[in-house]
Amino acid sequence: GFPAAYKAEFSVQMAADDVQVLSGLSDVSPMAVRLYCPINCTAGLVRFKIFSLRKVALSDSLPILEKMGARVLDEHPYHVKDGTLDTENAGFWIHDLGLQLPESTEFAEIRQRFEVLFVQVWGNDCDSDDLNKLVLMTSLDARAIAVLRAYTRYFKQLGLPFSQSYLGVWAA
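So, here is what we can say about the structure in this document. Per chain, residues are indexed from 1 in the order of the written sequence. Residues qualify for local features only when their pLDDT is at least 70, as the model is predicted, and side-chain atom pairs are given and counted only at 80 or more; totals for whole chains, interfaces and linings, by contrast, use all residues. Values shown for side chains rest on all heavy atoms present in the structure; no hydrogens or waters enter the calculation.

1. Details of the overall build of the chain
Runs of H or I in DSSP of at least four residues are treated as helices and runs of E of at least two as strands, each being numbered from the N terminus. The secondary structure content of the chain amounts to seven helices and four strands. Reading the helices (α) and strands (β) of the chain from amino to carboxyl end gives α-α-β-β-α-β-β-α-α-α-α. Within the chain, buried positions represent 39% of all 172 residues. In what follows, residue pairs with any heavy atoms lying within 4.5 Å of each other are defined as contacts. A sequence separation of at least 24 residues applies to 60% of the contacts in the chain between residues at least 6 apart. For each residue, the accessible area found with a 1.4 Å probe, counting protein chains only, is set against the maximum for its type, and the residue is called buried under 20%, exposed over 50%, and partly exposed in between.

Next comes the structure, spelled out in structure tokens:
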């Protein structure tokens, strides 16, 4: 069910890994993501795969990724057809995005936190704002960023003159 463009771009091992991720998708869990560093990976340039039951519009994912501190360089969508179903749109989508992260980013340290934060923001379990950049600049995870966000809102209610963005930079 993989399109020719996918087969030309990815190895058999990568396809096997992707099939494993796709097999875990369901109506309960319609999306999974993977941040990875390709073989020719250079400092700050990584790839991000979004696995989904439905096509993901770039205009929906782009603002989330930019608020997380990533610059989106390119996107390659792949429609993986499900041979067991007769409809043309049946199957899965893999969106492979090229991202530029700050050069000082330690890939191994941020990978899991980045993935979790993206999924939480996508599912509306977490806000999408500039505080999410802290996932790349600090050791904070999605929960810690949410706590910091709550503090910044509380400080605003107290009448402190500092903005949420200023406090986020200060926390970094």
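Back to the write-up after that little detour.
2. Examining the layout of surface pockets
Its boundaries defined by the atoms lining it, the largest pocket holds a volume of some 290 Å³. A pocket here means an open set of points on a 1 Å grid, computed over the protein atoms alone, that has protein on both sides within 12 Å along at least five of seven lines. A cavity is instead a set of points where a 1.4 Å probe fits but cannot get out; residues with an atom within 4 Å of a point line either one. Along its surface, the largest pocket is lined by Glu9, Phe10, Ser11, Met14, Tyr36, Cys37, Pro38, Ile39, Asn40, Arg47, His76 and Asp96. Three residue categories are used. Nonpolar comprises Ala, Val, Leu, Ile, Met, Phe, Trp, Tyr, Cys and Pro, charged comprises Asp, Glu, Lys and Arg, and polar comprises the others, including Gly. The class makeup of the residues in the lining of the largest pocket is six nonpolar, three polar and three charged. Grid points are joined across faces, edges and corners, and a volume is the space filled by probe spheres set on the points.

3. Considering the pattern of salt bridges
By convention in these notes, a salt bridge is any Lys or Arg side-chain nitrogen within 4 Å of a carboxyl oxygen on Asp or Glu. Applying the stated criterion across every chain, the model contains nine salt bridges. The partner of aspartate 18 in a salt bridge is arginine 34, with the nearest N and O atoms 2.8 Å apart. Here aspartate 18 is found in helix H2 (residues 12–23), whereas its partner arginine 34 is found in strand E1 (residues 31–36), with 16 residues between them in sequence. Here aspartate 18 matches arginine 34 in class, with each residue buried.

4. Some points on the packing of aromatic side chains
Aromatic rings from Phe, Tyr and Trp, with only the six-membered ring used for Trp, were paired whenever their centres fell within 6.5 Å, and each pair was classed as stacked if the ring planes differed by under 30 degrees, edge-to-face if by over 60, and tilted otherwise. Taken as a whole and judged by the stated rule, the model has seven aromatic pairs. Measuring from centroid to centroid gives 4.7 Å for tyrosine 6 and phenylalanine 10, while their planes differ by 35°, and the two rings are tilted. Like phenylalanine 10, tyrosine 6 is buried. Consider the rings of tyrosine 6 and tyrosine 78, whose centres lie 5.4 Å apart with planes at 85°: the pair is edge-to-face. One end of the pair, tyrosine 6, is in helix H1 (residues 4–9); the other, tyrosine 78, is in strand E3 (residues 71–81), with 72 residues separating them in the sequence. Tyrosine 78 gets classed as buried once you look at its relative accessible area, which sits at 5%. Aromatic ring contacts, followed pair by pair, group Phe2, Tyr6, Phe10 and Tyr78 into a single cluster. A positively charged side chain is recorded as over a ring if its NZ (Lys) or CZ (Arg) lies within 6 Å of the ring centre. The angle to the ring normal must also be within 35 degrees. We note lysine 49 situated over the ring of phenylalanine 10; from NZ or CZ to the ring centre the distance is 3.9 Å.

Keep in mind these numbers describe shape, not what the thing actually does.
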